[in-house]
Amino acid sequence: MTDARIIDGKASAAALRARVARAAAEVERAHGIVPGLAVVLVGENPASQVYVRNKRKQTIEAGMRSFDHTLPAATGEAALLDLIGRLNRDPAVHGILVQLPLPGHIDPEKVLDTIDSAKDVDGFHVINAGRLATGGQGLVPCTPLGCLMMLKDTLGGLGGMEAVIVGRSNIVGKPMAALLLRENCTVTVAHSRTRDLPLVCRRADILVAAVGRPEMIRGGWIKPGAAVIDVGINRVPKQGEPGKHRLVGDVCFAEAVTVAGAITPVPGGVGPMTIACLLMNALTAACRQAGVEAPEI
Ligand code: GUN
């Protein structure tokens with residue numbers, strides 16, 4: 001069997017960002033609206049700092065406004081809810097993103113559900129989760145949206161395919177299941193308590209790995225020719241180089257690439273698509289709030 005086709009998320013994301021930037025320029029020209037995205041970071045989690053820096057940079061590159069709110073780790077829940085209230089009322093802010101994880105003394109559910117659902121560009125608000133689950137028009141979480149776009153680019157129509165998602169988080173697993181169901185896939189959501197996980201994975205035409213366990217999914221778990229989307233980003237020690245690290249996914253890439261039909265690498269797969277989808281959501285949110293039609297992206 002020849003090696004799988006590598007799904008180039010970096011290239012897809014660059015192309016999507018360019019389309020979003022063109023559409024944003026068109027909206028500004030036609031309606032005088034510049035989409036504004038507020039990014040709130042509480043504390044000093046190094047991985048979050050990197051994500052947030054990239055989000056801010058790419059927001060500006062797409063011709064949108066970025067409003068930055070970096071708060072100390074000791075910020076109280078009431079102060080954060082107060083800031084979200086102000087952003088909800090600010091007409092220049094069309095999208096609000098509160099970077100997760102939050103410090104332990106803050107209830108993330110309370111925070112996410114305080115965001116105006118029309119400005120919830122992460123798609124984490126219970127109203128947007130409900131709309132996705134019931135087939136309504138809401139804002140869709142960025143990571144599963146990026147995964148879906150790459151799957152459609154790679155496979156074309158997905159109807160009738162067996163999709164297995166490993167992981168049942170609110171951020172990836174559950175919304176991914178809803179999106180694939182909407183595409184008429186037969187969807188299985190597997191998780192840590194699933195019996196005979198390798199057997200369940202082997203029936204997948206589409207396998208989405210989102211468990212956060214480095215290289216857990218082995219080559220022998222993959223159906224020959226399947227499309228494999230690896231959402232995991234895990235930092236593991238580099239062998240033979242003490243103190244150094246490398247990034248690996250939830251799939252053992254070296255094994256999977258010899259079995260799968262197509263596969264996303266880590267890094268350079270799902271990650272870049274997440275931010276590109278966030279920018280797309282910010283533009284969608286801005287157009288809906290202004291009551292104007294969003295250009296085709
Ligand atoms: N932390 C890790 N991924 C995400 C994401 O997609 N959105 C937010 N808000 N926080 C995250």
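Residues numbered from 1 in each chain as written. Predicted model: local features only at pLDDT ≥ 70, side-chain atom pairs only at ≥ 80, totals over all residues. Heavy atoms only, no water.

A. Focus on the environment of P295. Take P295: it is sitting in the segment after α10 (270-290). Take P295: its relative accessible area is 17%, and that puts it in the buried class. The residues touching P295, leaving out its near neighbours within four places in the chain, are A23, E26, V27 and C287. (Helix = DSSP H or I, 4+ residues; strand = E, 2+ residues; numbered from the N terminus. Buried < 20%, exposed > 50% of the residue type's maximum accessible area, 1.4 Å probe, protein only. Contact = heavy atoms within 4.5 Å.)

B. Seen up close, the sheet that holds strand β6 (residues 186-190). In space, the six strands of this open sheet follow the order β1-β11-β8-β7-β5-β6, with parallel pairing throughout. Edge positions in the sheet fall to β1 (5-6) and β6, since each has one partner strand and no second. Pairing between strand β5 (residues 162-166) and strand β7 (residues 206-209): four bridges, direction parallel. Paired with I165 across the strands is V208, a residue of β7. This element, helix α6 (residues 142-155), spans β1, β7, β8 (227-230) and β11 (262-263) of the sheet and lies at about 155° to β8. (Pairing = 2+ DSSP bridges. Axes fitted to C-alpha atoms, helices over the stretch in contact; angles between N-to-C directions.)

C. How the structure looks around the packing of helix α2 (residues 46-61) against α10. As a packed pair, α2 and α10 sit with axes 10 Å apart at the nearest point and diverge in direction by 50°. The orientation of α2 with respect to α10, classified from their angle, is oblique. Classified by chirality, the crossing of α10 by α2 is right-handed. Contact residues: α2 offers Y51, N54, K55, Q58 and T59, while α10 offers I275, L278 and L279. (Parallel < 35°, antiparallel > 145°, perpendicular 65-115°, else oblique. Left-handed = near helix turned anticlockwise from the far one by under 90°.)

D. Representation of the sheet that holds strand β2 (residues 36-42) in the model. Strand order in this open sheet of three strands is β3-β2-β4, and the pairing throughout is parallel. Each having just a single partner strand, β3 (65-71) and β4 (95-98) make up the two edges of the open sheet. Averaged over all adjacent pairs, the angle separating strand axes in this sheet is 15°, with direction ignored. With four bridges joining them, β2 and β4 adopt parallel strand pairing.

E. The site of the ligand, seen in detail. Close to the ligand lie L97, V98, Q99, L100, D122 and F124, which account for all nearby residues. At a separation of 2.8 Å, a nitrogen atom of the ligand approaches a polar backbone atom of V98. Within the side chain of D122, an N or O atom sits 2.6 Å from a nitrogen atom of the ligand. Protein coverage of the free-state accessible area of the ligand, which is 280 Å², stands at 81%. (Near = heavy atom within 4 Å. Polar contact = N/O pair within 3.5 Å; in protein donor to acceptor, adjacent residues only side chain to side chain. Areas by Shrake-Rupley, 256 points an atom, 1.4 Å probe, with all protein chains shown as cover.)

F. Inspection of a nonpolar patch on the surface at higher detail. Residues Y51, I233 and L247 make up a contiguous nonpolar surface patch of roughly 260 Å² in combined accessible area. Here Y51 shows up in helix α2. The exposure class assigned to Y51 is partly exposed, which follows from its relative accessible area of 38%. (Patch = residues over 30% accessible without salt bridge, like charges linked within 9 Å, V, L, I, M, F, W, Y side chains within 5 Å. Salt bridge = Lys/Arg side-chain N within 4 Å of Asp/Glu carboxyl O.)

Keep in mind that these numbers describe shape and distance, not what the molecule does.
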